[in-house]
Each structure stands twice: as structure tokens, then as C-alpha cells.
Amino acid sequence: MDFDKKEFYGIVAKAKKQMQITIDQDCNVADTKPDVEKMIQTRGIVKIQETEMMVDRVRIKGEFVFQGLYGTNDTSAYLESLEYSLPFEEYVHIEGVLPSDYVKVKYTIDDINTILINSRKISIRVLLTFSFQITEEMKEKGIIEIHEENVSVLKKDVQITDLIVNKKDIARLKEELVLPANKANIYQILWTQVDMENLQAKIGEHIIEIQGAMHIFVLYLGEDAQMPVQYARWEIPVDTQLECYECMPGMIGRIGMTLGGQQLEIRPDEDGEERIISLDVTIDCDIKIYEDHKISYIDDGYSMEETLIPEYHMFDFETLVGKNQAVMKADKRFRLEQESGKLLQVLSVKGSATVDDVEMTAQGLSVEGVWMADVLYLSTEDMTPVMSSSYMEPFTFFVETKNLTGNEDYQLDVRVDQMIAIPTEGEEIEIRASVLFDFIAFHRVRQRIMTDMKQGPLDYDKIREIPGIVGYIVKEGDTLWSIAKAYFTTVESIREQNEDISDIKPGDKLLIVKEMKIF
């Protein structure tokens, strides 16, 4: 039999799991570094090096890059920084996982705790939560056309959201940062912070446009012995593109963007003074591009000349039912936590957010979690003029959308889009945060699709049992096509016998004449 096939392709959610791991390691201070008197601020980033899908489990291997800013007993340079790589390898049991599946791994840093064993040794304990989202690739070839004149076919239409692009890419940003004229030359960079604000991705013709703003803070040792610790800030617009051949305007994009690697290099200016910072930053992009459209395929068929035997496979079609980017504004005053001295100026603030619970309703998602802020500031304390305080605040936020049933596959990414800290009177600090909630949901519909059509001889005994002429009362679920197939006739013949009827409803009366007479 002559027919055309189309490959149906999709990626559907298969399993989700969370796992906490603890990294506990003692680290020695390098001989080139001064003694540690007090840890001021810590942070870290997880670098996942390998993910291996296995039967019923996932292997994950990587490292936690720890960075710490600490106070020293050196009166000439009372600040210094540390960096350590803490490796990890874990096996996660997830029932039903196969080597052919895909996994998306996200992490949150729940806690970084440091204990000073002595001035040359630090105990680092890190608590991480990993979220694993397992997806399964589905492929099936279904019949969309049958090129046989003697075959009556039933076509089925389904509205689907096709996954057009599913890949990871990296956007690279390169900037030359020049120190302001009132700042001292750079001797050594101690601490840096790079934040992205209001990052937006727009789908164009064969490209993805990324726009936003990048904030850079640098704490460094200057050449001026009277004022050794210096700092500088920059705000740089982000406007870059990624090639995406399949992308076209009007498609639905969900591009997850996270700050990746950062490299800073000090370079001399034209006068030979160390006043230029060469900055390379990467944005890790998880790109999924969807397209809404209707597809038609053959669901059934019959012939007056032979018996047709269809073969079916089940396939999960996905349709987009909800997509929203919502921003929660938070404004909270905290009592300043400092051991001594007074706050002179906020140097930088680093924000993060974690989700504890998500409840889906017909109108959207109710999200509970915590946002956190690490504030680095200048103090009036002579011995430790740079200090740090951490704050956290629980939140409940509702992400609105429509047409949810509670059984959808959904993805929710939450990140701090902007955070500022402002000193106030009364030894308080005001923190203003914007938390972004990026939500998308799909409804999965399982349908049969015809993958093959076999041919066989007619069953003449069965055909003889069908009356030559019959009066028929339409029942619930009947169509002209289903009636024609059951009584061995055609839709055209039924219409001719019933005054060109086009629509039928339960209770209608039809005259049906069998096309083939067998004696």
C-alpha cells in the first residue's frame, strides 16, 4: 500500500527527584597567604563535569568551587581571599530511568559553614540540594496520507506544541573595564562580584537576542599604602546574540539563563599603570523553542475491495497550556548585625532564592520559599573595616495562569533578578529585592497513531450479515464515517440517500444502502 509517513517527536517529563549532599573538607591556607584571623564572606559555585544516565540511577560528578574573603593580622593588608576546589561524585536512585533518557540538573546552596581550626587551616562544610528532572525522548512515524483511490480514510486533527529546539549554548561577553580617575592603581584583586539584571531573551529570525544589564563590583588592594583597600563598580549593558537556525519570530521560547564562568585579568593602560580589567563572562543558556500548530494524520481506513488491518502505537502529544514570567517585589528592613563599629557604606549585595513548596491550582502556582541577601559593607572599625552580614526572609507568591487541571507537566525557575541594600537610620538596613518566577506548563494527551496498514481478503460471510437496506437511528458518538464503515457503504452514499445531510445528532433517522451485494 502506498502511503506517506511523518515522524512525530517529543520530549516528555518522566521523573523528578531532589537529593541533598554534604561536602565536608579541611583545607590548608597556602604558604603565600597570611594567617586567617576572621572569615568575612563566603560563596561558591557548583561545576557539574559529568552526568551519566544508567538503569534506575544517575551518576553526577563535579566540584564545588569555594571562595572566601577573610581578615588577616597583617596591618599592611588586612584583607585576603581564598579559593578551593571541593570534588564530589554521587549516585542517585531514580526508579525507571534509562540510559537513553535526558536529565536536567539544578542546584541550590543551602549552607556554607566554615570553622577556623587554626590560623592556617579551615574546615569547610557545604550543604547542597540537587534537583533532577528526567525527560524521555519519544519518536514515532505515523501515516498522514494513503494514496489509494479505493480506500476511505478517517483523518484526525490534534493541536500540539512541538519542541523545535532543545540544546545548550553559551553566550560570551567580553568587556574592558577602566578604573575611575579617582581610584588608585590595582595591586591585587581580592574579591569580585558579577550580577546579571533583567536578562531577557527574544526569538528573532535564526537568532536569539539577549539583553539586560551586568553589574560588576571589584574589591582590590591598591598601590597607595595609606588606603590599601579600594573598590570600583561598573554597570554594563548586555546586548548579544546566539545563532539558532531553526528559530523564527512567533515561536515560543523558554531560555533559562544562568551566570557561568568569570575571568578577570589586570592589564596596564597606555601609561603602563595597572588600571584596566579585562573581563570575560559566560551566560549558560538552556534553550527550548516550541511551536504551536495543528497536525493531521490517518486514524482509520477501510476499503470495498479488501480488508485493511491498521497497526497502532500510542504517543503522548503535548500542548502548551500556561506560560508566565512574574516578578515579586519585596522590601524589608533588618536590624544591622555587626560586632562593632558602624556601617559607612554598602559595597555589594548578593541575592539568592530557594523554593520549599509548590502547590498547583486551576488559576496558577502557589510558591513558598525564602530569599536571602549577603551584604558586604564598609565599617568604622579600624581593624576590620570590611564586614559582611546575611539576612533571609520567607515568601509566599502566586504565579497566575489559566486552564490548569493539576495534572500538567510544568517547569518553574526562580531567581533573584535585582537586589539593593540601603542603610537607614536606627542601625537598620533596607533590602529591596525583585524575584523572577519563570513558569511553563504542558498538558499531555495520549493518542493512538497508525504506524502501518496491512491488507487482507474480504470477509464475505461478515458482509452477507449486513442488511442491504436498513433504517438507522443515530446514537451518541456516531459519525457519518463510522456508520459508513459499519454498514459497508460510503459517506457520499449516505448523503445521497438522506437529502445531502451533513451534520448528524443522536436520534436522527437515516436510510443506509449497502454498496456491495453478495448472494
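Provided above is the structure to which this section pertains.
As a starting point, this report considers the structure included with it. Everything numeric here is computed off the predicted structure, so don't read it as measured data.

### Things to note about the side chain of Glu-197
Of note, Glu-197 is situated in strand β8 (residues 186–203). Not counting residues within four places of it along the chain, the set of residues in contact with Glu-197 comprises Gly-212, Ala-213, His-215, Asp-417 and Gln-418.

### Overview of the packing of aromatic side chains
Evaluated as defined, the whole model comprises 17 aromatic pairs. Where Tyr-302 meets Trp-481, the ring centres are 5.2 Å apart and the plane angle is 65 degrees; that geometry is what we call edge-to-face. Pair noted here: Tyr-302 is in strand β12 (residues 274–303) and Trp-481 is in helix α2 (residues 480–486), with a separation of 179 residues, a long-range link. The residues Tyr-302 and Trp-481 share a single accessibility class, namely buried. An aromatic cluster of at least three residues, connected via ring pairs, comprises Phe-8, Tyr-297, Phe-315 and Phe-317. Sitting over the ring of Tyr-312, Arg-448 keeps its end group 4.0 Å from the ring centre.

### Observations concerning the pairing of strand β9 (residues 207–222)
Most of β9 sits inside the fold, with 12 of its 16 residues counted as buried. In this sheet, β9 lies alongside β8 in antiparallel orientation, the contact comprising 14 bridges. Directly across from Met-196, in β9, lies its bridge partner Met-214. Between β8 and β9, which pair antiparallel and follow one another directly, the connecting turn spans 3 residues, one of which, His-206, has a positive phi of 70 degrees. Strand direction decides the pairing type here: β9 and strand β10 (residues 229–243), joined by 15 bridges, are antiparallel. Across the sheet, residue Ile-207 finds its bridge partner in β10, namely Glu-243.

### So, the sheet that holds strand β6 (residues 121–146)
Taken in spatial order, the 3 strands make up an open sheet running β1-β6-β5, and their pairing is antiparallel. Lying at the two open borders of the sheet, with one neighbouring strand each, are β1 (3–28) and β5 (102–118). Each adjacent strand pair in this sheet contributes to an overall mean axis angle of 5 degrees, direction not counted. Taken together, the 25 bridges between β1 and β6 define a ladder with antiparallel strand orientation. Across the sheet, the residue bridging to Val-12 is Glu-136, located in β6.

### Points about unusual backbone geometry
Located in the positive-phi region is Asn-198, a residue other than glycine, with phi close to 55 degrees. One can find Asn-198 in strand β8. Of note, Asp-500 is a non-glycine position whose phi angle comes to about 55 degrees, a positive value. Position of Asp-500 among the secondary structure elements: in the loop between α3 (491–497) and β20 (509–513). Assessed through its relative accessible area of 60%, Asp-500 is described here as exposed.

Definitions and limits used
Residues numbered from 1 in each chain as written. Predicted model: local features only at pLDDT ≥ 70, side-chain atom pairs only at ≥ 80, totals over all residues. Heavy atoms only, no water. Helix = DSSP H or I, 4+ residues; strand = E, 2+ residues; numbered from the N terminus. Contact = heavy atoms within 4.5 Å. Phe/Tyr/Trp six-rings, centres within 6.5 Å; stacked < 30°, edge-to-face > 60°. Buried < 20%, exposed > 50% of the residue type's maximum accessible area, 1.4 Å probe, protein only. Lys NZ or Arg CZ within 6 Å of the ring centre and 35° of its normal. Pairing = 2+ DSSP bridges. Axes fitted to C-alpha atoms, helices over the stretch in contact; angles between N-to-C directions.

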